[in-house]
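Analysis of the macromolecular model
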Amino acid sequence: MTPPESSAPAKPRAVEANFDGLVGPTHNYAGLAQGNVASAKNAEAPSNPREAALQGLRKMRALAAMGLAQGVLPPQERPHIPTLKRLGFSGRDADVLKQVHRDAPGLLAAMSSASSMWTANAATVSPGADTADGRVHFTPANLATHLHRSIEPVVTGRALAAIFRDEKCFAHHAALPATPQMGDEGAANHTRFCAEHGEPGLELFVYGAAGEKDPKPALHPARQNRAAGEAVARLHRLDPDYVHHAQQKPDAIDAGVFHNDVIAVGNGHVLLHHAQAFVDTKAVRDWIKRRLRGRDPVFIEIDDRELSVADAVGSYLFNSQLLTMPDGTMTLVCAHECQDNERVWNAIRRIVDDRENPIAEARVFDLRQSMRNGGGPACLRLRVVLDPAQRAAVNPKVWIDDALASRLEAWVNQHYRDRLVLADLADPQLLDESRSALDQLTQILGLGSLYDFQR
């Protein structure tokens, strides 16, 4: 006899996994990113690569302990000698470092950047529930606005292909052409809404630049181009009826909102945003109301009277992670700077105390090394929705648990320096240390020959 429906085992659900980027051994404060206020403010200050990596690992370990699917992505090889050789420097690696330090120190800083730690910029990801072929689609961001980030996509693509290998489950695309007209900064300007992570959803692409008639920022570059979002939506075979392209407010970009995730965060059926986030907030909300299937959307807006854009940028409130917990409630994972700012903390308390929305708690993490370089909790992770078969197809060595977290912490303590200034980037010993560390990391994570020095 067929058992009653109520006694049947629950169908395994899809999960939204967070893949955080490990901070690289050359983590430094060079102030390379125009429009990133925190990065510019701390330029040339000493950094602590060891503590930066350990702070990120503590967050990964904590989220895994909360019952969330947590993976890790590797850093890039830095300094990147192959690019320096493409730019005319020659000889042995030590000679190249000496030449560029003497003749073009700005290039040395760019080729040593550890900005790949912010994996929200690594790629745009669409889950199988949204794509025509049912596979998870990945497109590495071209990061064409800045030299130091434009050299990331090749290794990013290799890393994603090494982790998400199964062609039956995953589709990998090349980065878009590296031109400002196709400027693509990845998931930092992309938000997905859904009733459940495994159900068909909506994909919101936010851009700063498009046609000649659109308003433009006056001080800082608009890094994301509308044409890039349109191209990614086509590559990922998304239904146009469930895709929307919204423009970021130019004044917000000029105030330091270099990516949309600095002023808005969405998860499931919730959108938390500042009133200055979009040129046309009503159009964004109306589209979500019209198209979201299976659940009524929840909009949480913070206006200028409650919190200025400057406070939002300084604290990275909206760069918090908004996560669905195993019990169905949501948690806001925010940086310590949010708690340090009374206005920001009051806004968070108001949100958590409001029973009209599902955000039940806020969790605070010390990520000062990342924050000083202009990246908060959400910058450090890439969200990937996986159904049970897709999750099983992921390279198993990248999933964070206590054992892997402890092993990676020991690896960091063995290989990373606790103080780095810009002059250290010319040290050939730092290059050797970094390569030794990364070679060991690829073995720990089962990534194969990922880096140029290994190939």
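Everything quoted here is computed from the prediction, not taken from an experiment. (Residues numbered from 1 in each chain as written. Predicted model: local features only at pLDDT ≥ 70, side-chain atom pairs only at ≥ 80, totals over all residues. Heavy atoms only, no water.)

What follows deals with the sheet that holds strand 3 (residues 123-126). Pairing in this open sheet of three strands is mixed, and the strands run 3-4-5 from one edge to the other. At either margin of the open sheet sits one strand with a lone partner, and together these are strand 3 and strand 5 (170-172). Between one strand axis and the next, the sheet turns by 15° as a mean value, whatever way the strands run. Of the strand pairs in this sheet, strand 4 (residues 136-140) and strand 5 are connected by three bridges, and their pairing is parallel. Across the sheet, Phe138 pairs through a bridge with His172, a residue of strand 5. Helix 7 (residues 153-163) contacts strand 3, strand 4 and strand 5 of the sheet and is inclined by roughly 160° relative to strand 4. (Pairing = 2+ DSSP bridges. Helix = DSSP H or I, 4+ residues; strand = E, 2+ residues; numbered from the N terminus. Axes fitted to C-alpha atoms, helices over the stretch in contact; angles between N-to-C directions. Contact = heavy atoms within 4.5 Å.)

Where charged atoms from two side chains of opposite charge come close, those side chains can pair. Evaluated as defined, the whole model comprises 26 salt bridges. The shortest N-O distance in the salt bridge between Arg149 and Glu152 comes to 3.0 Å. We classify Arg149 as buried; its relative accessible area is 6%. Residue classification places Glu152 among the buried positions, given a relative accessible area of 3%. In this structure, the salt-bridge partner of Arg343 is Asp311, at a minimum N-O distance of 2.7 Å. (Salt bridge = Lys/Arg side-chain N within 4 Å of Asp/Glu carboxyl O. Buried < 20%, exposed > 50% of the residue type's maximum accessible area, 1.4 Å probe, protein only.)

A separate point is the environment of Asp280. With respect to the helices and strands, the residue Asp280 is situated in the loop between strand 10 (270-274) and helix 10 (281-291). Judged by relative accessible area, Asp280 falls into the partly exposed class, the value being 43%. As for Asp280 and Glu301, which are separated by 21 residues in sequence, their C-alpha atoms are 14 Å apart.

Next up on the list: the layout of surface pockets. Of the voids in this model, the largest pocket is the one considered here, and its volume is about 760 Å³. In terms of lining, the largest pocket is formed by 36 residues, of which the most central are Arg13, Ala14, Val15, Glu196 and His197. At the level of elements, strand 1 (15-21), strand 12 (321-324), strand 15 (381-386) and helix 15 (388-393) are the ones that each hand at least two residues to the lining of the largest pocket. Tallied by class, residues from the lining of the largest pocket come to 16 nonpolar, 11 polar and nine charged. (1 Å grid on protein atoms, 1.4 Å probe; cavity = no way out; pocket = protein on both sides within 12 Å on 5 of 7 lines; lining within 4 Å. Points joined across faces, edges and corners; volume = space filled by probe spheres on them. Nonpolar A, V, L, I, M, F, W, Y, C, P; charged D, E, K, R; others polar.)

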